[in-house]
Amino acid sequence: MFYWVVKAILWPFLHLVFRPWAEGTENVPKEGPVILAGNHLSFADHFFGALFLPRKVISLGKSDYFTGRGVKGVISRAFFSGVGTVPIDRSGGKASEAALRTGKRILAEGQVLAIYPEGTRSHDGRLYKGKTGVARLALESRVPVIPWAMINTFEMMPPGRPFPKLGIRPGVRFGKPLDFSRYYGMEEDRLVLRAVTDEIMYALMELSGQEYVDKYAASAKVEAARAAKEGTGQP
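Described in the following lines is the structure provided in the data block. (Residues numbered from 1 in each chain as written. Predicted model: local features only at pLDDT ≥ 70, side-chain atom pairs only at ≥ 80, totals over all residues. Heavy atoms only, no water.)

**What about the overall build of the chain?**
Along the chain, the regular secondary structure elements total eight helices and nine strands. When the 235 residues of the chain are sorted by exposure, 45% land in the buried category. Within the chain, counting contacts between residues at least 6 apart in sequence, those at least 24 apart form 80% of the total. Summing over all exposed atoms, the chain offers an accessible surface of approximately 12200 Å²; the carbon and sulfur share of this is 57%. (Helix = DSSP H or I, 4+ residues; strand = E, 2+ residues; numbered from the N terminus. Buried < 20%, exposed > 50% of the residue type's maximum accessible area, 1.4 Å probe, protein only. Contact = heavy atoms within 4.5 Å. Areas by Shrake-Rupley, 256 points an atom, 1.4 Å probe, with all protein chains shown as cover.)

Here it is as structure tokens:
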């Protein structure tokens with residue numbers, strides 16, 4: 001219920017101020033489990049990604065969003081709960097398996113699950129290599145995958161910017177469902193998982209028009225930070 005209350009409050013405001021747009025919403029099934037696999041450009045993605053869909057969209061988010069203290073912690077918990085985020089531990093290893101189980105449970109309930117295969121926001125607006133968790137989830141749950149591309153949210157609110165720029169219209173494009181039924185039963189094959197993930201990322205590249213970089217976003221962020229530090233001569 002809280003999700004729909006938040007959406008009812010946000011929709012008129014966001015529509016009036018930012019005039020967001022969407023294409024391909026008809027590609028998202030009206031019922032049944034489905035994975036929305038998207039690029040991740042900005043914190044603003046949480047606001048605009050699911051705005052045009054009549055179904056509740058659940059995403060998996062860092063447990064840190066729900067453990068903060070004080071007024072800031074309360075606001076963070078309320079916001080992420082309101083936009084359909086379920087807390088998970090993203091530290092890797094066993095935590096990754098727990099996240100996978102949580103995703104499978106959500107899909108088993110017939111819901112829409114949103115995933116960002118890059119694992120983190122792009123620091124420079126380019127599209128980075130996807131992690132194979134999305135492929136495992138798709139094959140083990142045997143559900144369709146809809147590529148879900150955010151447009152202009154990086155230009156409007158890049159990482160590190162506290163407030164969005166006005167005058168930039170954010171958008172979202174939903175692609176045709178990707179059918180991976182030919183790979184069912186092969187979810188333990190790493191080559192298959194990589195092939196499925198790469199197909200998803202290619203679809204996102206086509207939808208978004210982003211330049212693709214064949215490395216993980218987290219590694220690219222570290223390299224960029226190191227280069228910036230060396231450029232300033234800091235020790």
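**Re the environment of Ala-50**
Note on placement: Ala-50 falls in the loop between α2 (45–48) and β3 (57–62). For the pair Ala-50 and Ala-22, spaced 28 residues apart in sequence, the C-alpha separation works out to 9.7 Å. The residues contacting Ala-50, other than those within four sequence positions of it, are Tyr-3, Lys-7, Val-57 and Trp-148.

**Some remarks on helix α7 (residues 190–208)**
For α7, which comprises 19 residues, the first-to-last C-alpha distance of 27 Å matches the rise-based estimate of 27 Å (1.5 Å per residue) to within 8%. Looking at α7, one finds that the buried residues are Val-192, Leu-193, Arg-194, Val-196, Thr-197, Ile-200, Met-201, Ala-203, Leu-204, Leu-207 and Ser-208. Contact partners of the buried residues in α7: β2 (34–38), β6 (127–128), α5 (133–141), β7 (145–151), β8 (171–174) and β9 (212–213). Looking one or two places after α7, you find Gly-209, whose phi comes out positive at around 80°. (Expected span 1.5 Å × (residues − 1).)

**Observations regarding α5**
Note that an α-helix has 3.6 residues per turn; residues three or four places apart therefore point the same way. Within α5, burial applies to Val-134, Ala-135, Arg-136, Leu-137, Ala-138 and Leu-139. Where α5 terminates, the next one or two residues include Arg-142, which has phi positive at roughly 60°.

**Side note on the nonpolar core**
Counting residues in hydrophobic clusters, the biggest one holds 28 residues, and the most contacted among them are Ile-35, Leu-137, Leu-139, Val-145, Phe-180, Val-196 and Ile-200. Those elements that provide at least two residues to this core are β2, α4 (94–108), β5 (112–115), α5, β7 and α7. Considering each element in turn, this core owes the most residues, eight residues, to α7. Beyond its immediate stretch of four places on either side in the chain, Val-196 contacts Ala-135, Leu-139, Phe-180 and Tyr-183. (Core = buried A, V, L, I, M, F, W, Y, C linked by side-chain atoms within 4.5 Å.)

**So, the packing of aromatic side chains**
Aromatic ring pairs: the centre-centre distance and the angle between the two ring planes describe each pair. Under the definition given, this model contains five aromatic pairs. Judged by centre distance (5.9 Å) and plane angle (70°), the ring pair of Phe-43 and Phe-47 falls under edge-to-face. Where Trp-148 meets Phe-174, the ring centres are 6.5 Å apart and the plane angle is 15°; that geometry is what we call stacked. Note that Trp-148 is positioned in strand β7 and Phe-174 in strand β8, a separation of 26 residues in sequence. Residue Phe-174 is classed as buried on the basis of its relative accessible area, which comes to 4%. (Phe/Tyr/Trp six-rings, centres within 6.5 Å; stacked < 30°, edge-to-face > 60°.)

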